[in-house]
Amino acid sequence: MQVPYRTSFNGKLDRLSSLIDRLRVHVANTLAGGTELDTANFRIYKSDDEALRLVFCPLRQDGIGDCADVAPCERETTLVAARITISGIGRQLINALPDCISVPLAEEPYLNAVVTPLIEEVTQPRCGGQAVFQRLCEVVVIRLLRHAMEEGKADTGLLNGLAHPRIAAALVAIHEAPGEAWTLEKLATAAGMSRTQFAVTFKDLVGITPMGYLSNWRLDIARAELEAGRQVKAVATLCGFASPAAFSRAFSRRFGYSPKKRPVEAA
């Protein structure tokens, strides 16, 4: 099967869209005017010389990680403070981010272009402001993901793999067509590498074997599809399993409960 790779407007491989499609951004508790918010993991600061700094500390399962950068520096005022949580399969992107990202916006004009209207929505409230703020935060998160990938902010993990042009091709192939009968050889071909070179490079960059990543991706999609009400047989086919029985065994090993059970029953 020829995988229908998506391309960006410049015709290059689109490394993020298949993940962003499965990303859900939730925003709560926006404040302005220098008010501090203990649970905020997203902040925009303004210094005395009008310089802006964006700070985002992705929420892990155990809450906000320790990060000195989340606190304002001397002579900085908080313009925006919010709590942003991420759900959906695309959360793998968030887990690949550093514990905290601190970006002087003067150095990132394409981020600053989105942050400026975001600040306006908080400091100059108008009808529909919360909805606009939510949408703008989604764009900011996506641009932060680009920033982290392009700047090499991750030492290992998904973003690190996506930053490598050949490994990215294999990752996008997995993301776009999880039901394809992928083998190590087919993925190596998608990456334009030898089987051995591909396997070693993928593991070094992503931190997991190619087939291990494929299995995890399929099962994560499967769980999301089941939670959306899709039938087990249809999900097994969608995610490339040879049979519903094989899918059920793999799913139970990964999550500790049968795909026919609701997650709340298995908790």
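Treat the numbers as computed from the prediction; the structure is a model and nothing was measured. (Residues numbered from 1 in each chain as written. Predicted model: local features only at pLDDT ≥ 70, side-chain atom pairs only at ≥ 80, totals over all residues. Heavy atoms only, no water.)

Caption draft 1: The overall build of the chain, seen in detail. From N to C terminus, the chain includes twelve helices and seven strands. Taking all 267 residues of the chain together, the buried fraction comes to 45%. Of the accessible surface of the chain, which amounts to about 13600 Å², a share of 50% is contributed by carbon and sulfur atoms. (Helix = DSSP H or I, 4+ residues; strand = E, 2+ residues; numbered from the N terminus. Buried < 20%, exposed > 50% of the residue type's maximum accessible area, 1.4 Å probe, protein only. Areas by Shrake-Rupley, 256 points an atom, 1.4 Å probe, with all protein chains shown as cover.)

Caption draft 2: Focus on helix α6 (residues 165-176). Between its first and last C-alpha atoms α6 spans 16 Å; for twelve residues at 1.5 Å apiece the expected length is 16 Å, and the two agree. Here α6 lies mainly inside the structure; nine of its twelve residues are buried. Buried within α6 we find I167, A168, A169, A170, L171, V172, A173, I174 and H175. Of the surrounding secondary structure, the elements contacted by the buried residues of α6 are α1 (17-20), α5 (158-162), α7 (184-191), α8 (195-206) and α9 (210-227). (Expected span 1.5 Å × (residues − 1). Contact = heavy atoms within 4.5 Å.)

Caption draft 3: Representation of the state of the cysteines within the structure. In the structure shown here, the tally under the stated rule is one disulfide. Covalent S-S linkage joins C57 and C100, the inter-sulfur distance amounting to 2.4 Å. Sign of the S-S torsion, about -50° for the bond between C57 and C100, identifies this disulfide as left-handed. Of the two residues, C57 is situated in the loop between β3 (52-56) and β4 (59-60) and C100 in the loop between α2 (91-95) and β7 (101-104); the sequence distance between them amounts to 43 residues. Summarising the burial analysis for this pair, C57 and C100 share the class buried. (Disulfide = S-S within 2.5 Å.)

Caption draft 4: Molecular detail of unusual backbone geometry. With a phi angle near 75°, E50 is a residue other than glycine that sits in the positive phi range. Secondary-structure assignment places E50 in the loop between β2 (42-47) and β3. When its relative accessible area of 52% is taken as the criterion, E50 is described as exposed.

Caption draft 5: Looking closely at the environment of T116. Within the secondary structure layout, T116 lies in helix α3 (residues 109-123). Sequence spacing of T116 and L52 is 64 residues, and the spatial spacing of their C-alpha atoms is 9.7 Å.

Caption draft 6: Quick peek at the pattern of salt bridges. Scanning the entire structure with this criterion turns up seven salt bridges. A salt bridge links D220 to R254, with the nearest nitrogen and oxygen atoms 3.0 Å apart. Here R254 lies in helix α11 (residues 244-255) and D220 lies in helix α9, a separation of 34 residues in the sequence. Using a relative accessible area of 11% as the deciding quantity, one classes D220 as buried. R230 serves as the salt-bridge partner of E225, at 3.5 Å between the closest nitrogen and oxygen. (Salt bridge = Lys/Arg side-chain N within 4 Å of Asp/Glu carboxyl O.)

Caption draft 7: Quick peek at the nonpolar core. Counting 75 residues, the largest nonpolar core has F42, V80, I84, L118, V140, F198 and F247 as the members making the most contacts within it. When residues in this core are grouped by element, the largest group, nine residues, is from helix α4 (residues 129-151). Those residues in contact with F198 that sit more than four places away from it in its chain are I167, A170, L184, L187, A188, A191, M193 and P210. (Core = buried A, V, L, I, M, F, W, Y, C linked by side-chain atoms within 4.5 Å.)

Caption draft 8: Spatial organisation of the environment of Y213. Of note, Y213 is situated in helix α9. As a C-alpha pair, Y213 and L171 span 42 residues in sequence and 8.9 Å in three-dimensional space.

Caption draft 9: Quick peek at the packing of α9 against α11. Contact geometry of α9 with α11 gives a least axis separation of 11 Å together with a crossing angle of 95°. Judged by the angle between their axes, α9 and α11 are roughly perpendicular. Only F247, A250, F251, R254 and F255 of α11 make contact with α9, whose side of the interface consists of N216, L219, D220, A222, R223 and L226. (Axes fitted to C-alpha atoms, helices over the stretch in contact; angles between N-to-C directions. Parallel < 35°, antiparallel > 145°, perpendicular 65-115°, else oblique.)

Caption draft 10: Structural view of the packing of aromatic side chains. One pass over the full model with this rule turns up eight aromatic pairs. Here the aromatic rings of F202 and Y213 are separated by 6.1 Å at their centres, their planes lie at 65°, and the arrangement is edge-to-face. Placement of F202 in helix α8 and of Y213 in helix α9 is noted, with a sequence separation of eleven residues between them. Classification of Y213 by relative accessible area gives buried; the value is 5%. With 5.5 Å between their ring centres and 80° between their planes, F251 and Y257 make a pair best called edge-to-face. Take F251 and Y257: they sit in the same class, and that class is buried. An aromatic cluster is present here, built from F241, F247, F251, F255 and Y257 joined pairwise through their rings. (Phe/Tyr/Trp six-rings, centres within 6.5 Å; stacked < 30°, edge-to-face > 60°.)

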